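Chain by chain, the residues:
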Amino acid sequence: MGLNNKRAIENPKLHINKLKEHFKENSTFSTKDIEQFYNGLEPGVKSTTINWRVYVLVQSGILSRIGRGKFTLGKGRIFLPELSAKIKSLFRDLQKQFPYLQICIWNTSVLNELMLHQPGRFYTLIEVNKETTQSVFYFLKETKKNIFLEPDAEILSLYASAEKETIIINTLVSEAPVQMIQGLVTTTIEKLLVDVFCDDVLFAAQQGSEMETIFREAFEKYTINENKMLRYADRRRKKEAFSNYLNRVSKFRQQTL
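Described below are features of the structure shown in this document. This structure is a prediction, so every number in the text was calculated from the model and none was measured.

**Thoughts on the nonpolar core**
In terms of nonpolar packing, the biggest core is built from 37 residues, with Ile 189, Leu 192, Leu 193, Phe 215, Met 229 and Phe 242 touching the most fellow members. For this core, the elements supplying multiple residues, two or more each, are β4 (103-107), β5 (122-128), α8 (189-198), α9 (209-221), α10 (226-235) and α11 (239-256). Of the residues forming this core, the biggest block, 7 residues, is contributed by α8. If near-sequence neighbours (up to four positions away) are discounted, Ile 189 is found in contact with Phe 79, Leu 114, Ala 218, Tyr 222, Thr 223 and Ile 224. The next biggest cluster of nonpolar side chains, apart from the first, holds 20 residues, and it includes Ile 105, Phe 137, Leu 140 and Val 185.

Shown next as structure tokens:
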């Protein structure tokens, strides 16, 4: 049973108004910061009591947990990519043909809301477990045009550049952060950002200053779990480089707030 938001807000021991005022200038803050806040109001308050208050505040939407021991004010702003009729149809066809398939499907057009310059072509990305990539490719090739299996930059340039819509089959990295929307498995904001950073072939239009724009817009619009991103970047063997980039972009983002 969910917590009663009204009861949480009315609980004077949570000091919600003071907490919001205290952290209103902070884009993120830590468990230690919250402990210091409550100790300033009630010296000697127990850690277990503070932990319970944090739990209540998160469950009632006063705080959003964005990483291990990291929080932001307000209810989480969840990234929900648009799912077109074509994507839903593709997903259903694949589920019917391969009922145990591990899959993530999305279209690069979902990046448009985060970009300054809009690309003229988009890819529908179908990511599946490695041992089934060829089976999925040949199955879809029977009925679909402009479909490619893990293409390199040359293939994309020669054969996909003139097409507005292209289907690409790629390997789904194990433990990739995905989400289910309307029964369909698709990308999360954490996966999207790491993918853009790690793959400069598929996401050639999103590199350089455009990538900085994407990251800045994503952080401003959505609640992002940085720990989840770093775990996925590690699975893609780019954790250190991604972490360094994230530090630079985060500083840039804070300067614009």
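**Looking at the sheet that holds strand β2 (residues 63-67)**
With antiparallel pairing, 3 strands are arranged side by side in an open sheet as β1-β3-β2. The sheet terminates laterally at β1 (29-30) and β2, the two strands that pair on one side only. The pairing of β2 with strand β3 (residues 70-73) spans 4 bridges and is classified as antiparallel. Looking at β3, one finds that Gly 67 is bridged to Lys 70.

**A short note on α10**
All of the buried residues in α10 are Glu 226, Met 229, Leu 230, Tyr 232 and Ala 233. The buried residues of α10 occupy one face: seen down the axis, they fall within an arc of 165 degrees. Between a side-chain oxygen at the N-terminus of α10 and the backbone nitrogen of Asn 227 the separation is 3.1 Å; the capping residue is Asn 225. Following α10 by one or two positions, Arg 237 has its phi on the positive side, about 60 degrees.

**Focus on the sheet that holds strand β6 (residues 147-149)**
Reading across the sheet, the 4 strands line up as β4-β5-β7-β6 and stay open at both edges, with mixed pairing between neighbours. The two strands at the open ends of the sheet, each matched to only one other strand, are β4 and β6. Mean inter-strand twist for the sheet, computed between neighbouring axes without regard to direction, equals 15 degrees. Pairing between β4 and β5: 5 bridges, direction antiparallel. Paired with Ile 105 across the strands is Ile 126, a residue of β5. Strands β5, β6 and β7 (165-171) of the sheet are contacted by helix α6 (residues 133-141), whose axis makes an angle of about 165 degrees with β6.

Basis of the calculations
- Residues numbered from 1 in each chain as written.
- Predicted model: local features only at pLDDT ≥ 70, side-chain atom pairs only at ≥ 80, totals over all residues.
- Heavy atoms only, no water.
- Core = buried A, V, L, I, M, F, W, Y, C linked by side-chain atoms within 4.5 Å.
- Buried < 20%, exposed > 50% of the residue type's maximum accessible area, 1.4 Å probe, protein only.
- Helix = DSSP H or I, 4+ residues; strand = E, 2+ residues; numbered from the N terminus.
- Contact = heavy atoms within 4.5 Å.
- Pairing = 2+ DSSP bridges.
- Arc of directions from axis to C-beta.
- Polar contact = N/O pair within 3.5 Å; in protein donor to acceptor, adjacent residues only side chain to side chain.
- Axes fitted to C-alpha atoms, helices over the stretch in contact; angles between N-to-C directions.

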